[in-house]
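Structural characterization, general
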Amino acid sequence: MTANHATVLIIGAGISGIGVACRLRREFPDRDFAILERRDAIGGTWDLFRYPGVRSDSDMFSFGYEFRPWDGLKVLADGASIRDYVTATAREYGVDEAIHHGLRVLAADWSSERQRWTVTALHEASGETRTWTCSFLVTCTGYYDYDRGHLPEFPGAQEFRGTRIHPQHWPEDFDHAGKKVVVIGSGATAVTLVPAMAGTAAHVTMLQRSPSYVFSVPSIDRIAAWQQRFLAAPLVHRMTRRRAIGAQRAVFKASRRFPRAVRRLLLAGVRRGVGPGVDMAHFSPRYAPWDERLCAVPDGDLFKVLREGRASVVTDTVETFTATGIRLASGRELEADVIVTATGLNLQALGGASISVDGEVRELHDGCTYKSVMLAGIPNLAWVFGYTNASWTLKVDLASGYLVRLLRHMDATGRTVAVPVGRATDATDAGVVDALSSGYVRRAKDIMPRQGRAFPWRMVMDYKHDRKVLLRDPIEDGVLRFSGPTAAARA
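For the structure given in this document, a descriptive report is provided here. (Residues numbered from 1 in each chain as written. Predicted model: local features only at pLDDT ≥ 70, side-chain atom pairs only at ≥ 80, totals over all residues. Heavy atoms only, no water.)

**A short note on the layout of surface pockets**
Basically, it comes down to this: Any residue with an atom within 4 Å of a point lines the site, the site being either a cavity, points on a 1 Å grid over the protein atoms alone where a 1.4 Å probe fits but cannot get out, or a pocket, an open set with protein on both sides within 12 Å along at least 5 of 7 lines. Grid points are joined across faces, edges and corners, and a volume is the space filled by probe spheres set on the points. Where helices and strands are cited, they refer to DSSP runs of H or I of at least four residues and of E of at least two residues respectively, numbered from the N terminus. Gly counts as polar in this scheme, as do all residues outside two lists: the nonpolar Ala, Val, Leu, Ile, Met, Phe, Trp, Tyr, Cys and Pro, and the charged Asp, Glu, Lys and Arg.
Within this model, the second largest pocket holds a volume of roughly 930 Å³. For the second largest pocket, the lining is made up of 42 residues, of which Phe215, Ser216, Val217, Ala247 and Val251 are closest to its centre. Where the lining of the second largest pocket is concerned, the elements lending two or more residues are β10 (214-217), α6 (222-227), α7 (233-257), α8 (259-274) and α9 (301-307). Each residue belonging to the lining of the second largest pocket can be placed in one class, and the counts come to 23 nonpolar, 9 polar and 10 charged.

**Here's the deal with the sheet that holds strand β14 (residues 325-328)**
Where we set the bar: Pairing between two strands requires that DSSP report at least two bridges joining them. Simply put, an axis is a line fit to the C-alpha atoms, just over the touching stretch for a helix, and the angle between two N-to-C directions goes from 0 to 180 degrees.
The sheet built from 3 strands is open, its strands ordered β13-β14-β15 with antiparallel pairing. Looking at strand neighbours, the two that pair on one side only are β13 (318-322) and β15 (333-335), the edges of this open sheet. Geometrically, the sheet is characterised by an average inter-axis angle of 20° between neighbouring strands, direction not taken into account.

**Comments concerning the packing of helix α10 (residues 392-413) against helix α12 (residues 463-471)**
Put simply, the test is: The cut-offs work like this: below 35 degrees is roughly parallel, past 145 is roughly antiparallel, 65 to 115 is roughly perpendicular, and the gaps in between are oblique. If you view the pair so one helix is near and one far, a crossing is left-handed when the near helix is turned anticlockwise from the far one by less than a right angle, and right-handed when it is turned clockwise. Should any heavy atoms of two residues lie within 4.5 Å, those residues are counted as being in contact.
With their axes 9 Å apart at the nearest point, α10 and α12 run at an angle of 15° to one another. In terms of orientation, α10 lies roughly parallel with respect to α12. Between α10 and α12 lies a crossing of left-handed hand. Residues Leu394, Lys395, Leu398, Ala399, Gly401, Tyr402 and Arg405 of α10 form the contact with α12, whose own contacting residues are Tyr463, Asp466, Arg467, Val469, Leu470 and Leu471. Partitioned by chemical class, the residues of the contact of α10 with α12 number 8 nonpolar, 1 polar and 4 charged.

**Quick look at the pattern of salt bridges**
Applied cut-off: Whenever Lys or Arg places a side-chain nitrogen within 4 Å of a carboxyl oxygen from Asp or Glu, that contact is recorded as a salt bridge. Three labels apply to residues, based on accessible area from a 1.4 Å probe with only protein chains included: buried if under 20% of the type maximum, exposed if over 50%, partly exposed otherwise in between.
For the coordinates displayed, the defined rule picks out 25 salt bridges. The salt bridge partner of Arg310 is Glu308, with a shortest N-O separation of 2.6 Å. Among the residues examined, Glu308 registers a relative accessible area of 42% and is labelled partly exposed. Here Glu319 and Arg327 are joined by a salt bridge, their closest N and O atoms 3.0 Å apart. With relative accessibility at 30%, the residue Arg327 sits in the partly exposed group. Through salt bridges with shared partners, one network takes in Arg23, Arg241 and Asp397.

Have a look at this one:
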């Protein structure tokens, strides 16, 4: 079996993988790289999710790439627009030609003697196994299982005679017009689905076990629209992006420092949006703001359909599905033609692939991240993981910038291997995303890397801090160990 080779091999052609690839193409136009992508299209998450109303839950001015500004005025863009943006970015930089589609990566093994990775992938259409080697491996696989979403076991689920759908696997051209719909969930997916379906459904009910914080944002950035009348577009983008990043960070910090005050502000916004006819208990979580992600709704679209009676919220638990709907623990019956289980994601590390060093399997949970872009004890591997308390892509931009600096440093010094070396005492039992208490975060505790006691083994989730550490601090810090080529590598 012949192995293909690339100096840098990227796993994943979603928003992270394309961001890294475009940065490499810009900074190293002559360096060869390749991208392995399981799906037949670019976009990752934004190609997978096709449910009604699917959109970003972060503003597009910080969610778009720093090197290729988002050129619209929508604050929260729809999924198709984001997919087109990522695809157009790949084409603009020519990285679409480096993508090998239909390949599910099964395993990656580092050889210390040869100083290279061997990556095994399954071409799912043909069943063939294909092998790649590379000097540097970059994983951009996100953090959830694309094959199956999280679905609790609901009693009586098989008794339901209507249509049951998980948003991760939305049927193409499904028509919900005139039907009674129950959406189970209260997170970003649920608050997106309810107003999107309420336009044509007979009625939509959001059934939640517990409330989330929901707040309204303008659908259009009017400040940027006004500035574009007088200022050059690149300047407007820089100003808008800086403003968006600052606002994100200010809200997060205020939520941590003044949780009661932020809670009052959030609930006051909901009250203005839904009016007096909706019980505020449905929007009053038991936890503090930003213990879980806040749910943004453009122009209060969720509040509008609730106020108009086209949708409603029920806070209760499922006792059992019935032939015609759901019976709740309170005894109430919810009639439904369609039940949408917006119950979250199943977490998965590295897209399900295994990682080994010299044949010894390394579990991500056994180690810590280094500066949140590499993994302790694993050579020549970048692990790209975005922010959970801000726009995901902000961290992707920083991680790719650090990767460029690292590769340049290795070129300049003749080093061929870089590996973060830590002590066993550096690790704690906390996971890298334990700052949030969301269900999917709790389910990831035994999957994702652990936190260290202090930086660089601790994931800070702070853009200002990471910008300094990743883009300005010295590459050589005594923790990242370098070595030159071995005889086998030279051969």
